[in-house]
Amino acid sequence: MLWAERLPWLPLLVTVHCFADEQLWELHAKLVDAQDYPKLTEKVYPYLITPSLRAFSAHFFLVLREPHFNTCRWTNAIRITEDIVELGFSIDMLRTVNRCGPGFDHLCKFYDEPLIRRSPKLDAVFRSKAPNGYVGFLIGRYWAEEEPLCPHQLQSDEDPFIVMQHPFRRLHPKPDVWGEWLSRSLQYAGLDEWNPGNPGNPDEIVKMAVQAAPDVCIHSVQDAWSALWPQAPPKSMIVLGCSDMNHDPTSPLLEKGAGGLFIDVSSKLIENAQRKWSAPHRMILNIKAQPHNIAELLKNYSSYVEDVEVLQVDVDTMDGRLVEELLAHTKPRAVVVEVRDSLPFPFRYACLTHDTKHLPWGGANFAFWLHLLRRHGLHLVRMDLRDAVFARTEAPTIRTFLGAMACYLRKFVLVPTPLQAMELWTRKTLREIDRKTVLRHHWIASHPPDVIEEIWRNMTTTSPDVRFHLDV
Ligand SMILES: *[C@@H]1O[C@H](CO)[C@@H](O)[C@H](O)[C@H]1NC(C)=O
Ligand SMILES: *[C@@H]1O[C@H](CO)[C@@H](O)[C@H](O)[C@H]1NC(C)=O
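These figures come from a predicted structure and were not determined experimentally.

Side note on the pattern of salt bridges
Using the criterion set out here, one finds 31 salt bridges in the structure. Ionic pairing is found between Lys411 and Glu145, a salt bridge with its closest N-O pair at 3.5 Å. Remark: Glu145 occurs in strand β6 (residues 144–145) and Lys411 occurs in helix α18 (residues 398–413); sequence separation between them is 266 residues. Judged on exposure class, the residue Lys411 and its partner Glu145 are both buried. A salt bridge links Arg427 to Glu423, with the nearest nitrogen and oxygen atoms 2.9 Å apart. Of the residues examined, Arg427 reaches a relative accessible area of 25% and is grouped as partly exposed. Taking relative accessible area as the criterion, Glu423 reaches 22% and is therefore assigned partly exposed. Through salt bridges that share partners, Asp314, Asp316, Glu338, Arg340, Arg386 and Asp387 make up one connected network.

Okay, here's the thing in structure tokens:
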């Protein structure tokens, strides 16, 4: 009975203390005077506030830094002073403010002092720029970030960062979540190098992942091409869901002269695209691309799609099926897809319908793309907050795979926006945190076969009409 043999080194392994995991749960916060850095203001949606409020406000940034990745996110934090109350504005009126300017871009939320003081550390963050007290702060919904490093100005402001607990920490009662999650992810990665003992220690796995993340994480995948494609532009590309072709991940390749087939369902956007980008080697079409007509489409426009080198698909619905069909007929060197994070890794999700019934369930998620594209010899090379570039490169090593996972963790899992962090830091109980986040983290921390039925039930109960693919 070989399996019952005691492994003499096992007790040693279980006593390893996972420092790296705890470090992932640190989040640093501070306020920075926005007046000093007008350039950084442009990156957040423009600061605007009604004229009546302007006289009683001062403009700061609420900055959140992830120390292990040394990246920052920041948003507007507008301090409201006592004067405003003396002039007849009540706190209740301020609580109803949800816009700090005329546009949708200026959505914000008011946090009064008693709410902020629920967290003494958070109070310290805000008090640093309001030594004489404050009525409250309006916090912007939109935020900015830069890669790969936190902007120097945000770090060099005289006030130190206050060390906060990551707002999602409370969702994970057990320690060492990320070490275990990364180890589990390796089992689903299909790497040749991997076996249950290599690499063994979850702490080492977390460290390796965090170190390798900058190789994959990028501010915008548009910036990926100069390294991936230093020579001539690709001869031909296929872009499904090209909009007006101006702000696509592959726009830099168009600018260098790439041709191909470009499709979008919006006639207005296609008109604009044709006006700017028409050329003899480009076919720009206003039709709806469907999985069943891909083969015919490629045949009809064969002269534009000879030796296709790049595919890009972003139609917000059946992206997964469309990429599958395209790969059945082409052999591109790079594929760009949108990563929708409807379900966390390692669950593979892809939408199978044009009509998502107003649910944010279109497209396909990270695990789905990794799996599908790997079967075609394409591996993740760069990823931003939205899109991922896969290329025909060597299969990932354990290190590069972990780097990709850490990038995913940073961009899609441990991503409180500043406003979301404020919400979570000022709430008392877990029950008050939105159910979706709670459930998602429960699925992340679980052994996947134990929860996949539950996920299926949840999704089919929520909307029985939306067809999708789910697997692990
Ligand atoms: C392909 O061309 C045929 C003949 O012109 C046309 O009937 C068909 O609709 C085209 N299909 C697509 C998908 O463009
Ligand atoms: C499914 O999950 C959502 C949160 O994402 C939750 O609000 C809902 O109650 C769940 N439904 C079922 C049937 O479990």
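What about the site of ligand 1?
Taken together, Glu296, Leu297 and Asn300 make up the full set of residues near ligand 1. A distance of 2.6 Å separates a nitrogen atom of ligand 1 from a polar atom in the side chain of Glu296. A distance of 2.3 Å separates an oxygen atom of ligand 1 from a polar side-chain atom of Asn300. Here ligand 1, which alone exposes 360 Å², has 43% of that area covered by the protein.

Some details on the state of the cysteines
Applying the stated criterion across every chain, the model contains three disulfides. The disulfide partner of Cys100 is Cys108, and the gap between their sulfur atoms is 2.0 Å. Because the sign of the S-S torsion sets the handedness, a value of about 90 degrees for the bond joining Cys100 and Cys108 places this disulfide among the right-handed ones. For Cys108, a relative accessible area of 5% corresponds to the buried category. Across the disulfide, Cys217 is cross-linked to Cys407 (sulfur-sulfur distance 2.2 Å). Judged by the sign of its S-S torsion, about 115 degrees, the bond between Cys217 and Cys407 is right-handed. Here Cys217 is found in the loop between α11 (202–212) and α12 (225–228), whereas its partner Cys407 is found in helix α18, with 190 residues between them in sequence. By the burial criterion, Cys217 is buried, and Cys407 matches it. When the bonded cysteines of the protein chain are counted from the start of the sequence, the pairing works out to 1-4, 2-3, 5-6.

Structural notes on the layout of surface pockets
By volume, the largest pocket amounts to about 1300 Å³. For the lining of the largest pocket, the secondary structure elements donating two or more residues are α18, α19 (418–425), α20 (435–445) and α21 (448–462). Considering every element that reaches the lining of the largest pocket, the biggest residue donor is α20, with six residues. Per-class residue counts for the lining of the largest pocket are 16 nonpolar, seven polar and eleven charged. For the lining of the largest pocket, the two domains that each supply at least three residues are domain 1 (25–165) and domain 2 (214–471). Around the second largest pocket, the lining is made up of 26 residues, and of these His219, Ser220, Asp384, Leu385 and Arg386 lie nearest the centre. Class assignment for the residues of the lining of the second largest pocket results in nine nonpolar, eight polar and nine charged. Composition of the lining of the second largest pocket by domain shows at least three residues from each of domain 1 (25–165) and domain 2 (214–471).

Observations concerning the sheet that holds strand β15 (residues 387–391)
Reading across from one edge, β10-β9-β8-β11-β12-β15-β14 is the order of the seven strands in this open sheet, with mixed pairing throughout. At either margin of the open sheet sits one strand with a lone partner, and together these are β10 (282–285) and β14 (379–383). The mean angle between the axes of side-by-side strands here comes to 15 degrees, regardless of whether they run parallel or antiparallel. Note that β14 and β15 share four bridges and pair antiparallel. Of the residues in β15, the one forming a bridge with Leu380 is Phe390.

Remarks on the site of ligand 2
Taken together, Arg435, Lys436, Leu439, Asn458 and Thr461 form the complete shell of residues around ligand 2. A distance of 3.5 Å separates an oxygen atom of ligand 2 from a polar side-chain atom of Arg435. Taking 360 Å² as the accessible area of ligand 2 by itself, protein coverage stands at 56%. When residues of the shell around ligand 2 are traced back to their parent elements, those giving at least two are α20 and α21. No other element matches α20, which puts three residues into the shell around ligand 2. Among the residues making up the shell around ligand 2, the classes are represented as one nonpolar, two polar and two charged.

Some points on the domain arrangement of the protein chain
How big an interface is tends to be reported as the loss of accessible area on association of its parts. If you check the domain split of the protein chain, you get domain 1 (25–165) and domain 2 (214–471). Just the C-alpha atoms count here: the centres of domain 1 and domain 2 sit 32 Å apart. On the domain 2 side, the residues contacting the 27 residues of domain 1 number 20 residues. Regarding the contact of domain 1 and domain 2, the summed buried area is about 2300 Å², with carbon and sulfur atoms giving 66% of it. Inspection of the region where domain 1 meets domain 2 yields four salt bridges. At the boundary of domain 1 with domain 2, the tally comes to eight residue pairs in polar contact (both at pLDDT 80 or more). Counting residues per element, the ones that place at least two in the side of domain 1 that touches domain 2 are β2 (57–66), β3 (71–80), β4 (108–112), α7 (113–116), α8 (120–127), β5 (136–140) and β7 (162–165). Per-element tally for the side of domain 1 that touches domain 2: the top contributor is β3, with four residues. Of the residues assigned to the side of domain 1 that touches domain 2, the class counts are 14 nonpolar, five polar and eight charged.

Definitions and cut-offs
- Residues numbered from 1 in each chain as written.
- Chains lettered and ligands numbered in written order.
- Predicted model: local features only at pLDDT ≥ 70, side-chain atom pairs only at ≥ 80, totals over all residues.
- Heavy atoms only, no water.
- Salt bridge = Lys/Arg side-chain N within 4 Å of Asp/Glu carboxyl O.
- Helix = DSSP H or I, 4+ residues; strand = E, 2+ residues; numbered from the N terminus.
- Buried < 20%, exposed > 50% of the residue type's maximum accessible area, 1.4 Å probe, protein only.
- Near = heavy atom within 4 Å.
- Polar contact = N/O pair within 3.5 Å; in protein donor to acceptor, adjacent residues only side chain to side chain.
- Areas by Shrake-Rupley, 256 points an atom, 1.4 Å probe, with all protein chains shown as cover.
- Disulfide = S-S within 2.5 Å.
- 1 Å grid on protein atoms, 1.4 Å probe; cavity = no way out; pocket = protein on both sides within 12 Å on 5 of 7 lines; lining within 4 Å.
- Points joined across faces, edges and corners; volume = space filled by probe spheres on them.
- Nonpolar A, V, L, I, M, F, W, Y, C, P; charged D, E, K, R; others polar.
- Domains from an automatic or database assignment.
- Pairing = 2+ DSSP bridges.
- Axes fitted to C-alpha atoms, helices over the stretch in contact; angles between N-to-C directions.
- Contact = heavy atoms within 4.5 Å.
- Buried area = accessible area lost by both parts, 1.4 Å probe.

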